[in-house]
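So you can see what is in the structure, the chains are spelled out below.
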Amino acid sequence: MVSTIHLIGVIITIALLLAVSWLSGRKVKDAHSFTTGGNAGSWMVCGALLGTLAGGQSTIGTAQLAFCYGLSAWWFTIGAGLGSLVLGLFYAGPLRRSGCNTLLEVVSREYGRKAETVGSILFLIGIFISIMSQVLSSSAMIGSLFGIPTLWASITGAVLIMLMVLFGGIRSAGAGGIVKLVLLYLCSLAAGVVVWHVAGGLAGLRDGVENIYHSPALAQLNGLTDIESIHQRYGSMFARGVFKDLGGCLSLVLGVVCTQSYAQCIWSAASTPKARRGAFLCSMFMPIIGAACTLVGIYMRGHYVTADELNLLKSAGEQLPAGIGVIENSAQAFPAFILKYLPAWLGGLMLGTMLINILGCGSGLSLGAATILVRDVYGNFKRRMGMTASPLSPLTQTRLSIVGILAAAVIATLLFHSTLINDLGFLSLGLRAVAILFPLSFALWLPGRFKPIHVLLSMPVGVISMLLANATALPGDAVYYGLAASLIIILASARATSR
């Protein structure tokens, strides 16, 4: 149950992060510093990356997935950490040397404006799905804390995301990310220690999951027939299949490389070495956060059922076992754990930190989407229409775009409120990777080798192939098919001569 102390802790934590964002955002004087910063140190880069990566998908979404599938939920944050490592190792230098401000500007300079326009549209779809997941996460958190309806919880979450980014841009995301880095690690370590203590180690976690599935109706609902199938579901890193889980990890790795929000963190650094070090730091922190969230999800599975599962037990004539609690849905696993098992003062701090994580991630993604919308989509439209000026400044355009994007995200989350948060994350990052990974990489490393028309075709063909593979349940993960289709089309255009 939420107490006054919980709420005070949440409010203080949110106020602290908003104050840091506002103070940092006072340095923003123009659109360039709003979107790319320009003089950030390694820890600021790490904070900006972490502030965007360690959001609702990495925390609430990972615990939710662990509630349903056990250890395999860890792949989300492992993939995010590996993606940050790849971004720092292989892309930080070329991106900074490119002199561009967006990933699609890199593609456009090599393959033309049409490729930029098509890539922008596909890119925005992928980022928008991730923004949906952050609004969905914030709605679940706010609804749990304050007991308000989904609509108002979603609107409240979207408004708070706007406040996080509108007045600070990338600078506020980075400074806030550093504070979040400290708070998140303290809270993650606390959650991990408490889980280990109350569960009695790995054996206790295993026993809890086994006990919850003594119910025949509950076991049947989740497709579990015996102890071996339970162990395979919750104790394996490949519970959903080797190619499925590795495909999800691959989507994270490549999606991080192909996301404007993360590239802006690299561009915000004072130097390439600082950009690399910031990315490396982030790559170390992400898997540890995911490990704690995964343990929480598995523990909660052994001690809680959802409201739908409770209704199923009643309809099957079964009683709720003694000591088993009820949560509204699996997305509330982590908030329910905090409220039940942590001291109120620590629980309030942790709930506030998690909410800020969600808001910070949503703000970073919204900023990236708005940058693409203003510079790539609207910029190309102005050039085609022969417009030399706009009635609004670039900074105002970016801020208004953020408002519009988040308003649309609220509507979308109301339509898809029952979707698993991390499934949206895998889909979003996979789509981004399929759309521009090869055009971006070849533009940076192999300029002049491929025909623009083939690169242009590879973008929608790859995305369509991925969506078709997903819809038809082909073996493996759909991202493999999308990447293969994109690469085949581009390689067909290889030229022997270079520019």
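Residues numbered from 1 in each chain as written. Predicted model: local features only at pLDDT ≥ 70, side-chain atom pairs only at ≥ 80, totals over all residues. Heavy atoms only, no water.

Draft legend 1. Local environment of the nonpolar core. One finds Leu95, Ile131, Tyr213, Met300, Phe334 and Phe337 to be the most contacted residues of the largest nonpolar core, which totals 152 residues. The dominant element in this core, judged by the number of residues it contributes, is helix H20 (residues 421-445), at 15 residues. Residues within four places of Phe334 in sequence aside, it is in contact with Thr59, Ala63, Ala191, Cys293, Val296, Met350 and Met354. (Core = buried A, V, L, I, M, F, W, Y, C linked by side-chain atoms within 4.5 Å. Buried < 20%, exposed > 50% of the residue type's maximum accessible area, 1.4 Å probe, protein only. Helix = DSSP H or I, 4+ residues; strand = E, 2+ residues; numbered from the N terminus. Contact = heavy atoms within 4.5 Å.)

Draft legend 2. Representation of the packing of helix H3 (residues 42-53) against helix H15 (residues 272-301) within the structure. Remark: H3 packs on H15, axes separated minimally by 7 Å, with the N-to-C direction vectors making an angle of 40 degrees. As summarised for this structure, H3 and H15 are arranged oblique, according to the angle between their axes. The element H3 and its partner H15 pack so that their crossing is right-handed. For the pair H3 and H15, contact is made by Ser42, Trp43, Val45, Cys46, Leu49, Leu50 and Leu53 and by Lys274, Ala275, Arg277, Gly278, Ala279, Leu281, Cys282, Phe285, Met286 and Ile289, respectively. Residue classes in the contact of H3 with H15 are distributed as 13 nonpolar, two polar and two charged. (Axes fitted to C-alpha atoms, helices over the stretch in contact; angles between N-to-C directions. Parallel < 35°, antiparallel > 145°, perpendicular 65-115°, else oblique. Left-handed = near helix turned anticlockwise from the far one by under 90°. Nonpolar A, V, L, I, M, F, W, Y, C, P; charged D, E, K, R; others polar.)

Draft legend 3. How the structure looks around the pattern of salt bridges. Per the stated rule, a full pass over the model turns up seven salt bridges. The partner of Asp245 in a salt bridge is Arg240, with the nearest N and O atoms 3.9 Å apart. According to the relative accessible area criterion, Asp245 is buried, its value standing at 4%. With a shortest N-O distance of 2.9 Å, Glu309 and Arg301 are connected by a salt bridge. Judged by relative accessible area, which is 1%, Arg301 ranks as buried. By sharing partners, the salt bridges in this structure join Arg206, Asp207 and Glu210 into a single network. (Salt bridge = Lys/Arg side-chain N within 4 Å of Asp/Glu carboxyl O.)

Draft legend 4. Focus on helix H4 (residues 57-69). The end-to-end C-alpha separation of H4 is 15 Å, well short of the 18 Å expected for 13 residues at 1.5 Å each. With twelve of 13 residues buried, H4 is to be regarded as a mostly interior element. Regarding H4, the residues found buried are Gln57, Ser58, Thr59, Ile60, Gly61, Thr62, Ala63, Gln64, Leu65, Ala66, Phe67 and Cys68. Following H4 by one or two positions, Gly70 adopts a phi angle in the positive range, close to 75 degrees. (Expected span 1.5 Å × (residues − 1).)

Draft legend 5. Quick peek at the environment of Met237. Tracing the backbone shows Met237 in the loop between helix H12 (227-235) and helix H13 (242-257). Once the C-alpha coordinates of Met237 and Ala73 are considered, the two residues, 164 residues apart in sequence, prove to be 7.8 Å apart. Apart from the residues lying within four places of it in its own chain, the contact partners of Met237 are Leu71, Ser72, Trp74, Trp75, Ile78 and Asp245.

Draft legend 6. Main features of the packing of aromatic side chains. Considering all chains together, one arrives at ten aromatic pairs under this definition. Three or more aromatic residues link up through ring pairs in this structure, and these residues are Tyr299, Phe337 and Tyr341. Here the guanidinium or amino end of Arg240 rests over the ring plane of Tyr69, the centre of that ring lying 5.2 Å away. (Phe/Tyr/Trp six-rings, centres within 6.5 Å; stacked < 30°, edge-to-face > 60°. Lys NZ or Arg CZ within 6 Å of the ring centre and 35° of its normal.)

Draft legend 7. Structural context of the side chain of Gln57. Following the sequence through the fold, Gln57 ends up in helix H4. Among the polar contacts listed, one links the side chain of Gln57 to the side chain of Ser133, at a separation of 3.3 Å. Beyond its immediate chain neighbours, meaning those up to four positions away, Gln57 contacts Thr62, Phe76, Ser130, Ser133, Gln134, Ser137, Ile421, Asn422, Leu424 and Gly425. (Polar contact = N/O pair within 3.5 Å; in protein donor to acceptor, adjacent residues only side chain to side chain.)

Draft legend 8. Looking closely at the environment of Thr413. Mapped onto the secondary structure, Thr413 falls in helix H19 (residues 394-415). Judged by relative accessible area, which is 3%, Thr413 ranks as buried. C-alpha of Thr413 to C-alpha of Ile129: the two residues are 284 residues apart in sequence and 9.4 Å apart in space. Excluding residues within four positions of it along the chain, Thr413 makes contact with Met132, Val135, Leu136 and Ser154.

Draft legend 9. A look at a nonpolar patch on the surface. The grouping of Leu82, Leu85, Leu89, Phe90 and Trp445 at the surface amounts to a nonpolar patch, some 460 Å² of accessible area in total. In terms of residues, the nonpolar patch owes the most to one element, helix H5 (residues 75-98), which gives four residues. Inspection of the secondary structure assignment puts Leu82 in helix H5. (Patch = residues over 30% accessible without salt bridge, like charges linked within 9 Å, V, L, I, M, F, W, Y side chains within 5 Å. Areas by Shrake-Rupley, 256 points an atom, 1.4 Å probe, with all protein chains shown as cover.)

Draft legend 10. Region of interest: the side chain of Thr59. Structurally, Thr59 can be placed in helix H4. Once you skip the residues sitting within four places of it in the chain, Thr59 turns out to touch Leu184, Ile289, Cys293, Phe334, Met354 and Asn357.

Draft legend 11. Examining the environment of Arg301 more closely. When you line up the elements, Arg301 lands in helix H15. Filtering out sequence-adjacent residues up to four positions away, Arg301 remains in contact with Phe67, Val209, Ile212, Tyr213, Leu218, Asn222, Tyr234 and Glu309. At a separation of 2.9 Å, a polar atom in the side chain of Arg301 contacts the main-chain carbonyl oxygen of Tyr304.

Draft legend 12. Up close: the state of the cysteines. For the structure shown, the criterion picks out zero disulfides. The cysteine Cys265 is free of any disulfide, with Cys282 supplying the nearest cysteine sulfur at 8.3 Å. (Disulfide = S-S within 2.5 Å.)

Draft legend 13. Region of the structure containing H20. Look at H20: 35 Å from first C-alpha to last across 25 residues, which is about the 36 Å you get at 1.5 Å a residue. Residue Ile436 marks the point of greatest curvature in H20, where the axis turns by about 45 degrees; the proline Pro439 follows within four residues. Counting buried residues along H20, 22 of its 25 residues qualify, which places the element largely inside the surrounding structure. (Bend = angle between axes of the 7 residues up to and from the residue.)

Draft legend 14. Summary view of the confidence of the model for the protein. Mean pLDDT over the protein: 84, with 89% of residues reaching 70 or higher. In the model, residues 28-36 has pLDDT below 50 throughout and makes 32 contacts with residues more than four positions away in sequence or in other chains. Taken together, the stretch residues 169-174 has pLDDT below 50 and engages in 27 contacts with residues farther than four places along the chain or on a different chain. (pLDDT = per-residue confidence, 0-100.)

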